[in-house]
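Each chain is listed here by its residues.
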Amino acid sequence: TDVVATAAVRQNKTAITEILSVYAFQRLVDIFGNVPYDKSLDITNIEPAYDDASGIYAKLFARLDAAIANLNTGEKSFGSADLIYGGDVSKWKAFAYSLKLKMGIAVADVTSLDPGGKISSAVAGGVFTSAAQNASFSYLSASPNTNPVYTNLVASGRNDFVVANTIVDKMNTLSDPRRSNYFDSNLADSLGNVYYLGGPYGTKTTYVNYSHVASTIVSPSRAALLLDYTEVQFYLAEAAARGLIGGSAETYYDAGITASILYWGGTAADATAYLANPSVAYTTASGTYKDKIGTQAWIAYYDRGLIGWTTFRRLDLNFFNLPPGKLYVPTRFTFPIGEQTLNGTNYTAAAAAIGGDLLNTKIFWDKQ
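Residues numbered from 1 in each chain as written. Predicted model: local features only at pLDDT ≥ 70, side-chain atom pairs only at ≥ 80, totals over all residues. Heavy atoms only, no water.

## A word on the overall build of the chain
The cut-off we apply is this: Secondary structure elements follow DSSP: runs of H or I no shorter than four residues count as helices, runs of E no shorter than two count as strands, and numbering proceeds from the N terminus. Radius of gyration here is computed from C-alpha atoms only, and the compact-globule reference equals 2.2 Å multiplied by the residue count raised to the power 0.38. When a residue's accessible area, from a 1.4 Å probe over protein chains only, is under 20% of the maximum for its type it is buried; when over 50% it is exposed; and in between it is partly exposed. Every residue pair with non-hydrogen atoms within 4.5 Å of one another is taken to be in contact. Accessible surface is estimated by sampling points in the Shrake-Rupley manner with a 1.4 Å probe; for residues, cover comes only from the protein chains shown. His is not counted, nor are the chain ends, whereas Lys and Arg count as positive and Asp and Glu as negative. For charged residues, the charge sits on one atom: NZ in Lys, CZ in Arg, CG in Asp, CD in Glu.
Each helix and strand in the chain was counted, giving 14 helices and 4 strands. Over its C-alpha trace the chain gives a radius of gyration of 22 Å, about what one expects of a compact globule, namely 21 Å for 368 residues. Taken along the three principal axes of its C-alpha coordinates, the chain extends 75 × 50 × 45 Å. Sorting the 368 residues of the chain into buried and exposed places 46% on the buried side. At a minimum sequence separation of 6, the contacts of the chain that also span at least 24 residues come to 67%. Put simply, the chain shows about 17,100 Å² of open surface, and 55% of that area lies on carbon and sulfur atoms. Positive and negative side-chain charges in the chain, numbering 28 and 31 respectively, have mean positions lying 1 Å apart.

So, in structure tokens, the structure goes:
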């Protein structure tokens, strides 16, 4: 008998653990493609075989549905030991449905996984409806529990990282109000007017000549977002544009942009003015719905590299300032070198199965 928790509380704890496990495995698939899954947590098997990425997604959807069904919002869970939601099961349920939406959008072109059905189910279940539901993980101001960005850019003692020109150029073109929140004001003209200049991507730069990362981003205690309202609104915009759900793609798009500007410290007036820019407004911005939604989502994910890169890959965006001599943006990570050494037979089979362990091999959801 468990004298610490009731059966209902244990069920909630198990369900929340399952939801986070699904979240983690989805990230692995989106980074590498095929990965060990079925036998990955078997401590008796130190050389697990790799599983098909599409098949993993199918299993993750099933696990997520089962975990959602096991959540009881009338019972407690981890309480204060939960560093994301403080034990609030209703917020975990919204997180789970929002994760299901995210996964459905990721495989939107893979009809065999029924993305429309998954997305509709997630929306009907109840995805995030405000930023108050954001899944945010707080760091501490003292080492070793500081934000990894602070660790890499400040605690490391390195002062050689500048903001890349791809995002600075894009935001300058759009007069984006978030520039002062994303970038430091270390550059100014002779009249004292601050301007933003990104370093050429992938080339050696002189630190003092280009814009630096804003101080708020390199704060040791800056919280990290696992999943947020802004992200959900952009997924809903895409789902509506694809005809997978009802509602207006423009309304969701506007909500995503507004939520991002507010999150970064801007005002509702800033958002209104930005959305009035013909190059931003959904009805007048250039390109397809993928270009419009993808560009603004990519900007909003500034300090969330994996999601920004995934959006860039998934929607085939093409505005990246490539380094000299480089012909493409990588579409996946290569498998860790340790796999070749410690799990060689399965590594070789996995590489062959995906078409080669290369940076430009595409993840299954990116081949449509």
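That shown, we press on.
## A look at the nonpolar core
Let me state the cut-off plainly: Take the buried residues of types Ala, Val, Leu, Ile, Met, Phe, Trp, Tyr and Cys, join any two whose side-chain atoms come within 4.5 Å, and each joined set is a nonpolar core.
Membership of the largest hydrophobic core comes to 95 residues, with the highest contact counts inside it found for Tyr57, Phe95, Leu99, Leu101, Ile167, Phe183 and Phe364. The dominant element in this core, judged by the number of residues it contributes, is helix α3 (residues 89–106), at 11 residues. When residues no more than four places from it in sequence are discounted, the contact partners of Ile167 are Tyr182, Phe183, Trp298 and Tyr302.

## So, helix α5 (residues 148–155)
Going by this rule: Polar contacts, as used here, are pairs of N or O atoms within 3.5 Å; protein pairs need one atom able to donate a hydrogen and one able to accept it. Residues neighboring in sequence count only if both atoms are side-chain atoms.
For α5, the N-terminal cap is Asn147; the gap from its side-chain oxygen to the backbone nitrogen of Val149 is 2.8 Å. Two residues or fewer past α5, Gly157 is found with a positive phi of approximately 80°.

## A word on unusual backbone geometry
The amide bond that connects Ser143 to the next residue, Pro144, takes the cis arrangement and shows omega of 10°. Position of Pro144 relative to the elements: it lies in the loop between β3 (135–137) and α5. Despite not being glycine, Asp114 has its phi angle at roughly 50°, a positive value. What makes Asp114 partly exposed here is its relative accessible area of 41%.

## Regarding the environment of Gly344
Relative to the helices and strands, Gly344 resides in helix α14 (residues 344–354). Judged by its relative accessible area of 25%, Gly344 is partly exposed. Sequence-wise, Gly344 and Thr230 are 114 residues apart; in three dimensions their C-alpha atoms are separated by 41 Å.

## What about the environment of Trp309?
Its location among the elements puts Trp309 in helix α12 (residues 305–314). C-alpha separation for the pair Trp309 and Trp298, spaced 11 residues apart in sequence, amounts to 7.7 Å. In this structure, Trp309 is in contact with Ile31, Val329, Pro330, Thr331, Arg332 and Phe333, ignoring residues within four places of it in sequence.

Spatial relationships are all this shows, so hold off on functional conclusions.
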